[in-house]
Amino acid sequence: MRKLPLAAEATRRAALQALELQSTGCVACRLRPGCSGVVVAEGDPAAPLVIIGEGPGREEDRTGRPFVGAGGALLDRILASAGIARDETYLTNTVRCRPPGDRPPRPDEVDTCTSLWLDAQLTLLRPRVILSLGNTATQHLLRTGRGVASLRGQWFALTPDDGDGGTYRTLLMPLFHPAYLLRHPARTPGTPKAQTWRDIREVAAVLRGEKTPDELARLAPHEMDGQPGLF
């Protein structure tokens, strides 16, 4: 975990709690009228690992907690398989309200929710590692149109705003979303579950300080996505 002066840590936690409380009243986009409530976050604000998914599903909307139900149970097992406990992480989503029919959030919904809440959360959290689960979180954080299948298992460097006029550096690894893995349960080599097993072990080793990423991946600018051969 990060070691901050006690006063600074208390101030940071208070600011995060205030932000989380404020976000529960958000009505800034079209998603809020169709859901039961705003699902904000859960976990340890001082955790070195932040996990960001797409948005609440039915069980998350019902309970007000992120990553519960079948997908949340699978995520817990994935973490536990690498020696990471759920309560040693901070869990949140790209959007905070359940989209109708569990459809993917639309770009304007993502832009609204992240500009108001997720970006501010990351400024206060300052994790060492971020896991982006699925396309929505990965595409937003990396500013890319590429899918998670082509990005998973690679390390990327992010430099979020630090709230003091500068930035801080954190590592990001995209993983398949647990909901996707539930639809693809095979565990043979090369399958999404087998790839996720490899990925989460890599993440755990970096968190424990047993290794550093061999290299950091680089993406073409967003406007060049899909044009790798362009001169």
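Above this text sits the structure in question.
Now for a look at the structure at hand. (Residues numbered from 1 in each chain as written. Predicted model: local features only at pLDDT ≥ 70, side-chain atom pairs only at ≥ 80, totals over all residues. Heavy atoms only, no water.)

## With respect to the packing of aromatic side chains
Within this structure, the stated rule accounts for one aromatic pair. Taken together, a centroid distance of 5.1 Å and an interplanar angle of 20° make the contact between phenylalanine 176 and tyrosine 180 stacked. Take tyrosine 180: its relative accessible area is 28%, and that puts it in the partly exposed class. (Phe/Tyr/Trp six-rings, centres within 6.5 Å; stacked < 30°, edge-to-face > 60°. Buried < 20%, exposed > 50% of the residue type's maximum accessible area, 1.4 Å probe, protein only.)

## Remarks on the side chain of asparagine 93
Assignment of secondary structure puts asparagine 93 in strand E3 (residues 89-93). Note on asparagine 93: relative accessible area 3%, which makes it buried. A distance of 3.2 Å separates a polar atom in the side chain of asparagine 93 from the backbone nitrogen of glutamate 54. A polar contact is formed between the side chain of asparagine 93 and the backbone nitrogen of glycine 55, at a distance of 3.3 Å. The residues contacting asparagine 93, other than those within four sequence positions of it, are Ile52, Gly53, Glu54, Gly55, Pro56, Pro66, Phe67 and Leu118. (Helix = DSSP H or I, 4+ residues; strand = E, 2+ residues; numbered from the N terminus. Polar contact = N/O pair within 3.5 Å; in protein donor to acceptor, adjacent residues only side chain to side chain. Contact = heavy atoms within 4.5 Å.)

## Re the nonpolar core
Within the largest apolar cluster, 28 residues are counted, with the highest numbers of intra-cluster contacts made by Val50, Ile52, Leu122, Ile130, Leu141 and Leu172. Counting only elements with at least two residues in this core, the list comes to helix H1 (6-23), strand E2 (49-53), helix H4 (107-125), helix H5 (134-142) and strand E5 (156-158). In terms of residue count, H4 provides more of this core than any other element does, seven residues in total. With near-sequence residues (within four places) excluded, valine 50 lies in contact with Tyr90, Leu122, Leu125, Pro127, Val129, Ile130 and Leu131. Membership of the second largest hydrophobic core comes to 25 residues, among which are Ile84, Leu131, Trp155 and Leu207. (Core = buried A, V, L, I, M, F, W, Y, C linked by side-chain atoms within 4.5 Å.)

## A short note on the pairing of E3
Within E3, five of the five residues are buried, leaving the element largely enclosed by the surrounding structure. Side chains Thr89, Leu91 and Asn93 of E3 all project onto a buried face; the interleaved residues Tyr90 and Thr92 project onto the opposite face, where all are buried too. Relative to E3, strand E1 (residues 41-43) runs antiparallel, the two being bridged by three bridges. Residue pairing for E3: glutamate 42 is matched across the bridge by leucine 91. The pairing of E2 with E3 spans five bridges and is classified as parallel. The partner of isoleucine 51 across the bridge, within E3, is leucine 91. (Pairing = 2+ DSSP bridges.)

## Some details on empty space enclosed by the protein
Summed over the entire model, instances satisfying the criterion amount to two cavities of 30 Å³ or more. The volume enclosed by the largest cavity comes to roughly 80 Å³. Taken together, 13 residues form the lining of the largest cavity, with Cys26, Cys29, Arg96, Cys97 and Cys113 sitting closest to its centre. Taken together, the residues that form the lining of the largest cavity break down as 10 nonpolar, one polar and two charged. (1 Å grid on protein atoms, 1.4 Å probe; cavity = no way out; pocket = protein on both sides within 12 Å on 5 of 7 lines; lining within 4 Å. Points joined across faces, edges and corners; volume = space filled by probe spheres on them. Nonpolar A, V, L, I, M, F, W, Y, C, P; charged D, E, K, R; others polar.)

## So, unusual backbone geometry
Excluding glycine, residues mostly have negative phi values, and the peptide bonds linking residues are mostly trans. The phi torsion at arginine 126 lies on the positive side, around 50°, for a residue other than glycine. As for its placement among the helices and strands, arginine 126 is situated in the loop between H4 and strand E4 (129-133). One non-glycine residue with positive phi stands out, namely arginine 143, at about 50°. In this fold, arginine 143 is placed in the loop between H5 and E5. Accessibility expressed as a relative area gives 49% for arginine 143, which makes it partly exposed.

## Observations concerning the pattern of salt bridges
Under the defined criterion, the tally for this structure stands at 16 salt bridges. Across the pair arginine 12 and glutamate 9 runs a salt bridge, and its minimum N-O distance is 2.6 Å. With arginine 12 and glutamate 9 both in helix H1 and three residues apart, the pair spans about one turn of that helix. Between glutamate 109 and arginine 103 there is a salt bridge, with its nearest N and O atoms 2.9 Å apart. Each member of the pair glutamate 109 and arginine 103 is classed as buried. One salt-bridge network, in which partners are shared between bridges, spans Glu9, Arg12, Arg13 and Asp44. (Salt bridge = Lys/Arg side-chain N within 4 Å of Asp/Glu carboxyl O.)

## Some details on helix H7 (residues 192-207)
Relative to the 22 Å expected for 16 residues at 1.5 Å per residue, H7 spans 22 Å between its end C-alpha atoms, a close match to the ideal helical length. Taken as a whole, H7 has its buried residues at Pro192, Thr196, Asp199, Ile200, Glu202, Val203, Ala204, Ala205, Val206 and Leu207. At its buried positions, H7 is contacted by E2, helix H3 (69-81), E4, strand E6 (170-175) and helix H6 (178-183). Once H7 ends, the next one or two residues include glycine 209, with phi positive near 75°. (Expected span 1.5 Å × (residues − 1).)

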